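Below are the chains, spelled out letter by letter.
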Amino acid sequence: MDIISFINYKGGVGKTTVTANVAAELAYRGYKVLVVDLDPQANLTFSFINIDEWRDLDRESRTIKHWYDEFLNDNRDVSLNNLIISPDKINNHLNAMDSVGRLDLISSHLELINLDLELATQYGGNSQRTIRSSFLRLFTRLKRGLEGIKEKYDLVLIDCPPNFNIVTQNAIIASNLFIVPAKADFLSTLGIDQLVRHIDGLTTRYNNYVNDGPGEWKEINPRLSGVIFTMINIYNGSPIQTQAGYISQVKRAGYPVFDSYIRNNSTLFAHSPEDGVPVVLDTEVSGLYLDIRGEIEELVNEFILSTGVTL
Ligand SMILES: Nc1ncnc2c1ncn2[C@@H]1O[C@H](COP(=O)(O)OP(=O)(O)OP(=O)(O)O)[C@@H](O)[C@H]1O
Ligand SMILES: [Mg+2]
């Protein structure tokens, strides 16, 4: 089972939109996909379920926040199975399209925002040994949880919040691959360097702890599968010149970049989330829908090649 984080420190660059569309297209192609929403804004969650469905999950303590709470407050190792739901709209849609794939969801919670402070209080100790063991306990939390459900899915896609707090670091440590959705502008391209450096730093720190004593954990090596450019403005069939310049700059810096991108279209992308079915699986047949769906399909072809995920 491949675990792939969609991550960028910058907010509003299209992480959630890319995650939802890639997940839906992969499910359509027959993959069993689990999406995990780690962002307190819960945008991915509300791309697939409505507020009433979410309230039921909240009441039943079936969000990622509750799962971390049980671990922090009562040291309980609840299975992630208890949180997983199969959202009706998208799965009915997949059935109607005769797909054998599935898209399941682990939901987020608006109060996940407070979790990081609580996690941080549990990290530390008086000796190297206790610091090491508290680090490994906290930072492998999601990795351990996902290992418990690995038989059920071909791949897990994690939508990360726009930061690098402990929950985000949990996602990176659990992942064998990561994807960086980005806008083709100055700040976004600057941010990629910093993000990759931080992920390298976290990997080194984690591996040092792993190698520094006995235990069940092995070294990790999360690989950047590629940068996916989003909100691209097209002129004469190609990205406009300024955006093309930033895309080239990222390639020259040596980062893998997807040839496919997602174009800018606020009307189409803005209304889609509330529908419960991402744009890529929309049945509308007008020209623009076809163009955008074609782009996302190409992007998923590249995603499969670059990640090596197999059915
Ligand atoms: N290709 C696109 N064209 C136009 N608008 C888009 C596109 N992709 C996403 N959007 C819109 O831009 C906003 C931000 O997108 P999205 O939520 O996917 O970004 P994000 O990186 O996940 O943001 P955050 O950091 O807040 O989690 C949303 O309103 C979304 O509908
Ligand atoms: Mg988001």
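Here is a short report on the structure shown in this document. (Residues numbered from 1 in each chain as written. Chains lettered and ligands numbered in written order. Predicted model: local features only at pLDDT ≥ 70, side-chain atom pairs only at ≥ 80, totals over all residues. Heavy atoms only, no water.)

Right, let's get into the overall build of the protein. Broken down by element type, the protein carries 13 helices and eight strands. The C-alpha atoms of the protein give a radius of gyration of 19 Å, which matches the 19 Å a tight globule of 311 residues would have. By principal-axis analysis of the C-alpha atoms, the protein measures approximately 65 × 45 × 35 Å. Going through the 311 residues of the protein one by one, you find that 55% of them count as buried. Long-range pairs, those at least 24 residues apart, make up 77% of the contacts in the protein with a sequence separation of at least 6. Accessible area for the protein stands at about 13800 Å²; split by element, carbon and sulfur atoms hold 48% of it. (Helix = DSSP H or I, 4+ residues; strand = E, 2+ residues; numbered from the N terminus. Rg over C-alpha atoms; globule rule 2.2 N^0.38 Å. Buried < 20%, exposed > 50% of the residue type's maximum accessible area, 1.4 Å probe, protein only. Contact = heavy atoms within 4.5 Å. Areas by Shrake-Rupley, 256 points an atom, 1.4 Å probe, with all protein chains shown as cover.)

Moving on to the sheet that holds strand 5 (residues 177-183). Ordered in space as 3-2-4-1-5-6, the six strands form an open sheet in which the pairing is parallel. Either end of the sheet is taken by a strand with one partner, and the two such strands are strand 3 (102-106) and strand 6 (223-230). Within this sheet the neighbouring strands show an average axis-to-axis angle of 20°, counted without direction. Against the sheet, helix 1 (residues 15-28) contacts strand 1 (2-6), strand 2 (32-37), strand 3, strand 4 (155-159), strand 5 and strand 6, and its axis sits at roughly 165° relative to strand 4. (Pairing = 2+ DSSP bridges. Axes fitted to C-alpha atoms, helices over the stretch in contact; angles between N-to-C directions.)

This part is about the nonpolar core. Grouped together as the largest cluster of nonpolar side chains are 60 residues, with contacts concentrated most on Leu 34, Ile 64, Leu 142, Leu 146, Ile 158, Val 227 and Phe 229. The element contributing the most residues to this core is helix 10 (residues 186-211), with eight residues. (Core = buried A, V, L, I, M, F, W, Y, C linked by side-chain atoms within 4.5 Å.)

Moving on, we get to the environment of Ile 106. Its place among the elements puts Ile 106 in strand 3. Here the alpha-carbon distance between Ile 106 and Leu 83, two residues 23 residues apart in the chain, equals 5.8 Å. Excluding anything up to four places from it in sequence, Ile 106 contacts Leu 34, Val 35, Val 36, Asp 37, Ile 64, Leu 80, Leu 83 and Ile 84.

Turning next to the environment of Glu 151. Structurally, Glu 151 is set in the loop between helix 8 (141-147) and strand 4. Once the C-alpha coordinates of Glu 151 and Met 1 are considered, the two residues, 150 residues apart in sequence, prove to be 7.6 Å apart.

With that settled, consider helix 5 (residues 88-96). Residues separated by three or four positions in an α-helix point in the same direction, a consequence of the helix having 3.6 residues per turn. Looking only at helix 5, the buried set comprises Ile 90, Asn 91, His 93 and Leu 94. Projected onto a plane normal to the axis of helix 5, the buried residues spread over an arc of 155° and lie on a single side. Those residues of helix 5 that are exposed and aimed more than 90 degrees away from the buried face are Lys 89, Asn 95 and Ala 96. Contacts from the buried residues of helix 5 go to helix 1, helix 2 (45-48) and strand 3. A positive backbone phi angle near 60° is found at Asp 98, which sits one or two residues after helix 5. (Arc of directions from axis to C-beta.)

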